[in-house]
Amino acid sequence: MQQTPADLEPRKGSPSPRMDEDEFKRRFRNQFQDPAFEPLKAELEKVTAAAWDAYEHSRKSPRTQKAGPEFANPSYELATDWLAARDAICEAQHRHDDANGPRRFLLINGSSRSEHTCPGEISKSFRMVEIAKKVLEQNPQSSVEVLDLSRITSEYGRQIHPCKACFSTSAALCHWPCSCYPNYSLGQIHDWMNDIYPMWVEAHGIMIVTPVNWYQTSSPLKLMIDRLVCADGGNPDPTTTHGKHAKEAKEIEMKGWDYPRHLEGRLFSVIVHGDTEGVENVRRGVSDWLKSMEVEPAGTLAEVDRYIGYWEPYATSHPAFDKEQSMQEEVRNAARALQEAVLAKQDGRQVTVGSRLKQAREK
């Protein structure tokens, strides 16, 4: 169907979320409930006034600098936060591409449970990550990094903000890395993803371990998954859209978008565990998501979905896992399979289903 300029006009109509000054200040002050702040009332009033000024004038990125010659519009002012995140990703890509460097593995604990906050107990997912880590570290040429997503629930200032779905407006509007955060005027800060993106980029092999929470992945894992949308087709040059100008992004996409695969060719393993229902669908959903980004499966042994303490009390779930020696061995086998797949690929011995499909498309 022939598109007209009117078709590319961004749709509007939802109610404004903007607050008046009194409501903004009430919410801002609400974070200082501890009596220790009472002697600082005068100082907090000044801080609150400054925060209101930033909000009123929508200063999302108060510190910027000219993009420079690498970008389509060198004089455009880009957020220094975004430029630092991009530099970290570029450095991570160099580490990934270094033929003389170690084989890099990223192990991800997707559970939100932690002994360091309300649950008071370590998660089984974390224990599985530790089992896999021991296997991978046996090879002196391997470098293993653990991303423990439970720190979102237990560490001060550690957050993954939700995806704002820029990609659904236009692929060109979704920047790589994500430029939606931090947003200082809205208090959307402490976003962890700028640290997480380089972890994915430098890795040759990635293992995700998650429990089933109400037939889905855990909340922290789903947040990370959504925020990785920019890694699959995202725009590496925000100057082409002059920041977040939706119509400009739509016009760029309609001229033809190449959907760059920023994580293409890495290998993955997925381990999903539950206590009643859902492990098969969650494992399939996570695997399909990774394959859609052209991250390649490391083989049948690298994908595991199992029940631990099936319909037994939650209070005894760790003893149930202790008894599951066969599953613990499956975790080890998944790590071995991932390691072997990385070795085989680097040696030119591995041809995965994903790469066969890609070759078929190119023909």
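Here the structure is shown first, and the text comes after it.
This is a predicted model, so every value here is computed, not measured.

So, the pairing of strand β3 (residues 103-109)
Logical step 1: In terms of burial, β3 is a largely internal element, seven of the seven residues being buried.
Logical step 2: Here β3 shows two buried faces, one formed by R103, F105, L107 and N109 and the other by R104, L106 and I108.
Logical step 3: Two strands pair when backbone bridges link them, and β3 and strand β4 (residues 142-148) are joined in this way by seven bridges, in the parallel orientation. What sits directly across from R103, in β4, is S142.
Logical step 4: Read from β3 through helix α4 (residues 124-136) to β4, the crossover connection turns out right-handed.
Logical step 5: In the sheet, β3 pairs with strand β5 (residues 205-211) via five bridges, with the strands oriented parallel. Residue pairing in the sheet places L106 in a bridge with I206 of β5.

Observations regarding helix α10 (residues 279-292)
Logical step 1: Compared with an ideal rise of 1.5 Å per residue, which puts 14 residues at 20 Å, α10 spans 20 Å between its outermost C-alpha atoms and is within 8% of the ideal.
Logical step 2: Of the positions making up α10, those classed as buried are V279, V282, R283, V286, S287, W289 and L290. The arc that holds every buried residue of α10, seen down its axis, measures 160 degrees, which confines them to one face.
Logical step 3: Structurally, α10 contributes buried residues whose contacts are with α7 (193-202), β5, α8 (219-227), β6 (267-274) and β8 (303-307).
Logical step 4: Two residues or fewer after α10 comes E294, characterised by a positive phi angle close to 65 degrees.

Digging into the packing of aromatic side chains
Logical step 1: Applying the stated criterion to the full structure yields twelve aromatic pairs.
Logical step 2: Ring centres of W176 and Y197 lie 5.3 Å apart, and the angle between their planes is 70 degrees; on these two criteria the pair is classed as edge-to-face. Taken together, the residues span a long stretch of sequence, with W176 in the loop between α6 (166-169) and α7 and Y197 in helix α7 at a distance of 21 residues.
Logical step 3: Its relative accessible area of 7% is what places W176 among the buried residues.

Quick notes on the rules
Residues numbered from 1 in each chain as written. Predicted model: local features only at pLDDT ≥ 70, side-chain atom pairs only at ≥ 80, totals over all residues. Heavy atoms only, no water. Buried < 20%, exposed > 50% of the residue type's maximum accessible area, 1.4 Å probe, protein only. Helix = DSSP H or I, 4+ residues; strand = E, 2+ residues; numbered from the N terminus. Pairing = 2+ DSSP bridges. Right-handed = clockwise from strand over helix to strand, strands pointing away. Expected span 1.5 Å × (residues − 1). Arc of directions from axis to C-beta. Contact = heavy atoms within 4.5 Å. Phe/Tyr/Trp six-rings, centres within 6.5 Å; stacked < 30°, edge-to-face > 60°.

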